Each structure stands twice: as C-alpha cells, then as structure tokens.
Amino acid sequence: VGHARMFSLAAIALGTVLGAFCVPVVFYVGGPRFARWLGAGLPRLFDGFLTLLPWYRCRCEKAFVGALSTLLDSGVGEAESIRLAAECTGNQTYLRRAATAAERLRQGEGLRAALGSLSRKPEFAWRLDNASASSQGFTSALHGWQESLEAKAFQMEQTFAQTVTTGLVLLNGGLVALLAFAFFGVLCNLTQQAVLW
C-alpha cells in the first residue's frame, strides 16, 4: 500500500511538472500570434499579468519613453504625446494609465506630476525632470536611459530563464530519484515476499 501511494504521488508530481512545463512551451511554439489571440480574448487580464513581469515592464517603459521623447521634441502636444507613446507599448494597462495622465495634464498638472500615474519609480520622474531641463531635447537626454532599460530587461529575463531551467533540472532529478526509490522499493518487497513464500 505504501509503495502504491508513493507511485501515485510520483505520478501526480510528474504530471504537475509536465503541465507547468507545457504552458511556456505552448507560448513559445504559438509565438506572437498565440499571445495576440489570448490577449484579444482577455486584454485587461492578460496585459495586467504581463505588467507583473519586470523585464516586460522595462521594455514597455523603454518603448514609452522613446516614443514620448521623440513626440515631445517634434512639437506634439503633451497630452497627445502621452497617448501616442502609450499606444507604442501595445499594452492596455499603459493605455489606461496614459489616459489618466492626459486627464491630469488637462486639469493643469505639470508633465512630471501627470506621468506619476504611469510609473511610481522615482527614477522615472527624475529622468523626465532632467530631460525637460536639458537644452539638447528629450531624445538625446533620455537615450542612455533607454539603453539602460533594455539592458536591465535582458538581464532580468535571462536570470529568470536560468533560474527556471535550473529548477526544472533539479526537480527532474528529484522526480527520477523518487521513481527509482519507489520502483526499487516494490522490487525489494516482491523479493521478500518471494523468499517468504
């Protein structure tokens, strides 16, 4: 009875691990089309989930800042620049936050205060303040920060991927050891029964 329970626990653990492993594989094989299809069905939920991923947030911030700086340097109005820059992220969460920021601008708040709804990081406001005071324009002033955001995103994504891969290898080793233990336990039990018989 104990060995049957151990086998069933090993089978459940193996099924759980394989199920968890299949989710990212489906996303990888499905590619951007699958992600767009999933996002079309549940855009708020899907985009909200994506913004929880730190590397995705960095890339959205980079896209937003790059578009915003270009638009502001081109003479587009601040509210319209914020809206268009948020569209460049392709994320519904950023679009909602941009609408809030644009509304705050219309109510008379400054650009820095209005953009507080987009990112609560103090660095975001500090960089925008420095860029608005720069004589070179937003694009030149924020270029280094965009590169830094991309490097951070890459680093976080690689760290996550390596951690997950290492965890899967360790989990796989543990499951193999559990199956081997259960299998040899059954063999030992059968041998003892055969000797007693």
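About the cut-offs
- Residues numbered from 1 in each chain as written.
- Predicted model: local features only at pLDDT ≥ 70, side-chain atom pairs only at ≥ 80, totals over all residues.
- Heavy atoms only, no water.
- Salt bridge = Lys/Arg side-chain N within 4 Å of Asp/Glu carboxyl O.
- Helix = DSSP H or I, 4+ residues; strand = E, 2+ residues; numbered from the N terminus.
- Buried < 20%, exposed > 50% of the residue type's maximum accessible area, 1.4 Å probe, protein only.
- Expected span 1.5 Å × (residues − 1).
- Contact = heavy atoms within 4.5 Å.
- Patch = residues over 30% accessible without salt bridge, like charges linked within 9 Å, V, L, I, M, F, W, Y side chains within 5 Å.
- Areas by Shrake-Rupley, 256 points an atom, 1.4 Å probe, with all protein chains shown as cover.
- 1 Å grid on protein atoms, 1.4 Å probe; cavity = no way out; pocket = protein on both sides within 12 Å on 5 of 7 lines; lining within 4 Å.
- Points joined across faces, edges and corners; volume = space filled by probe spheres on them.
- Nonpolar A, V, L, I, M, F, W, Y, C, P; charged D, E, K, R; others polar.
- pLDDT = per-residue confidence, 0-100.
- Core = buried A, V, L, I, M, F, W, Y, C linked by side-chain atoms within 4.5 Å.
- Disulfide = S-S within 2.5 Å.
- Phe/Tyr/Trp six-rings, centres within 6.5 Å; stacked < 30°, edge-to-face > 60°.

## Some details on the pattern of salt bridges
According to the stated counting rule, one finds 7 salt bridges in the structure shown. For the salt bridge of E150 with R59, the shortest nitrogen-to-oxygen distance reads 3.3 Å. Of this pair, E150 sits in helix α8 (residues 138-196) while R59 sits in helix α3 (residues 54-73); the two residues are 91 residues apart in sequence, bridging distant segments of the chain. The partner of E150 in a salt bridge is K62, and the shortest N-O contact between them spans 3.8 Å. In this pair, E150 is assigned in helix α8 and K62 in helix α3, connecting sequence segments 88 residues apart. On the accessibility criterion, K62 (28% relative accessible area) is partly exposed.

## Here we look at α3
Given 3.6 residues per turn, any residue in an α-helix points the same way as the ones three and four places further on. Counted at 1.5 Å a residue, the expected span for α3 with its 20 residues is 28 Å, and the 28 Å between its end C-alpha atoms agrees. Once α3 ends, the next one or two residues include G75, with phi positive near 90°.

## With respect to the side chain of T51
Residue placement: T51 occurs in the loop between α2 (43-50) and α3. Taking the relative accessible area as the measure of exposure, T51 reaches 8% and is therefore buried. With residues near it in sequence (within four places) discarded, T51 still touches Y56, R57, N91, T93 and Y94.

## A few points about a nonpolar patch on the surface
There is a patch of nonpolar side chains on the surface, built from F183, F184, L187 and L190 and spanning about 400 Å² of accessible area. Residue position: L190 is located in helix α8.

## Focus on the layout of surface pockets
Counted as a void, the second largest pocket has a volume near 200 Å³. Along its surface, the second largest pocket is lined by T51, P54, R57, C58, E61, Y94, R97, L118, S119, R120, K121 and M156. Counting residues per element, the ones that place at least two in the lining of the second largest pocket are α3 and α5 (92-106). Element by element, the count of residues in the lining of the second largest pocket is highest for α3, at 4 residues. Taken together, the residues of the lining of the second largest pocket break down into 5 nonpolar, 2 polar and 5 charged.

## Here we look at the confidence of the model for the protein
On average, residues of the protein carry a pLDDT of 81, and 90% of them reach 70 or more. Considering each helix and strand of the protein separately, the mean pLDDT is smallest for helix α1 (residues 2-41), with a value of 72, and largest for α3, with 90.

## Here we look at the nonpolar core
In terms of nonpolar packing, the biggest core is built from 30 residues, with F64, L68, I82 and L115 touching the most fellow members. Counting only elements with at least two residues in this core, the list comes to α2, α3, α4 (78-89), α5, α6 (111-114), α7 (122-133) and α8.

## As for the state of the cysteines
All chains considered together, the criterion is met by 0 disulfides. Free of any disulfide, C88 has its nearest cysteine sulfur in C60, 11 Å distant.

## Some words on the packing of aromatic side chains
Centre distance and the angle of the planes are the two values used to describe a pair of aromatic rings. Counted under the stated rule, the structure contains 1 aromatic pair. Geometrically, the ring pair formed by W55 and F160 is tilted, given 5.0 Å between the ring centres and 35° between the ring planes. With W55 in helix α3 and F160 in helix α8, this residue pair connects regions lying 105 residues apart in the sequence. Accessibility expressed as a relative area gives 13% for W55, which makes it buried.

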